[in-house]
Amino acid sequence: MITINNLSKSFGKLEILKNIDLEIKKGEILAIVGPSGSGKSTLLRCMNLLEEPTNGDIIFEGISLTDKKIKIDKVREKIGMVFQNFNLFPHKTVLENITLAPIKLNKMTKEMAEKKAEYLLQRVGLLDKKNSYPSQLSGGQKQRIAIARALAMEPDMMLFDEPTSALDPEMVKEVLDVIKELAIEGMTMAIVTHEMGFAKEVADRVIFVDEGKIIEDDSPENVFNAPKNGRAKEFFDKVL
Ligand code: ADP
Ligand code: MG
């Protein structure tokens, strides 16, 4: 699905990602863990070119994203992204939030987009909120809407950047359950998370990022229970 070759990313003189090689296969669920500031979000954002790589290449479904001739908006339609802070449009209803992009990008007629949105709302258990505004929803509800919005574009891959970090504890499960269901259905996903239990349960593979490098890349069992790297071990001793 996506292959990252020798990716580096600097902000000014600061090298944030260092020679990252990573492949995510179709249907694979990758959890990205590691300390704060290690470059996890930057890595995820490079995958849909929200950040432009300083060096290296990213190949998504056979297309090189760093090729200046490609239409990145077309590629982005195929990569759904969900952020920590939901990023819903505050002055639009739930239904409008979900239908906006598919209609604007001529992917669907208004009727089709609304039908699709209603189906997705039902799936995330929020059909009754379709005419509500984001401010009327809880954090967990907002995040489920954000996931429905991303799915409305029928992406081939989903990127989640700490989707539950801004939520009150009692709302974490309802969001993780939606993500789990997507996993069961075979969606390809990369998830930055601090929910180690969730990562253990859902991920096919875990990478541990430290100071801009992938220092562990293995099954959840091996990474969590028997990390090869001292930094990773130290981190898990604190959080597990
Ligand atoms: P993580 O998600 O693992 O916490 P990030 O990828 O957000 O880490 O950030 C890694 C480092 O890159 C941090 O030191 C952060 O301050 C820096 N950084 C991220 N985005 C920018 C930016 N747009 N400009 C400058 N520095 C940035
Ligand atoms: Mg981050």
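Please read these numbers as outputs of a predicted model, since none were measured by experiment.

Calculation rules
Residues numbered from 1 in each chain as written. Chains lettered and ligands numbered in written order. Predicted model: local features only at pLDDT ≥ 70, side-chain atom pairs only at ≥ 80, totals over all residues. Heavy atoms only, no water. UniProt positions renumbered as here; feature names shortened; annotations may be inferred. Helix = DSSP H or I, 4+ residues; strand = E, 2+ residues; numbered from the N terminus. Pairing = 2+ DSSP bridges. Axes fitted to C-alpha atoms, helices over the stretch in contact; angles between N-to-C directions. Buried < 20%, exposed > 50% of the residue type's maximum accessible area, 1.4 Å probe, protein only. Polar contact = N/O pair within 3.5 Å; in protein donor to acceptor, adjacent residues only side chain to side chain. Contact = heavy atoms within 4.5 Å.

### Some remarks on the UniProt feature "domain: ABC transporter" (unreviewed entry) in the protein
In the numbering adopted here, UniProt assigns the feature "domain: ABC transporter" (unreviewed entry) to residues 2–236. The straight-line gap between the two end C-alpha atoms of residues 2–236 is 28 Å; of that span, 37% is helix and 26% is strand.

### Comments concerning the sheet that holds strand S7 (residues 157–161)
Pairing within the open sheet is mixed, and its six strands lie in the order S6-S7-S8-S3-S9-S10. Either end of the sheet is taken by a strand with one partner, and the two such strands are strand S6 (79–82) and strand S10 (213–218). Adjacent strand axes in the sheet meet at a mean angle of 15° when their direction is disregarded. Bridge analysis of strand S3 (residues 29–33) against strand S9 (residues 205–210) gives four bridges, and the strand direction is parallel. Residue Ile-32 lies in a different strand from S9, and its bridge partner there is Ile-207.

### What about the pairing of strand S2 (residues 14–24)?
Here strand S1 (residues 2–11) runs beside S2; their pairing, made up of seven bridges, is antiparallel. Bridge pairing links Ile-2 to Ile-24 in S2. Linkage of S1 to S2, two consecutive antiparallel strands, is achieved through a turn of two residues, within which Gly-12 is found at a positive phi near 60°.

### Structural notes on the side chain of Glu-51
Here Glu-51 is to be found in the loop between helix H1 (40–46) and strand S4 (55–60). Overall, Glu-51 belongs to the buried group, its relative accessible area being 16%. Within the structure, the side chain of Glu-51 is placed 3.2 Å from the side chain of Arg-45, a separation counted as a polar contact. Setting aside residues up to four positions removed in sequence, Glu-51 forms contacts with Lys-9, Phe-11, Arg-45 and Cys-46.

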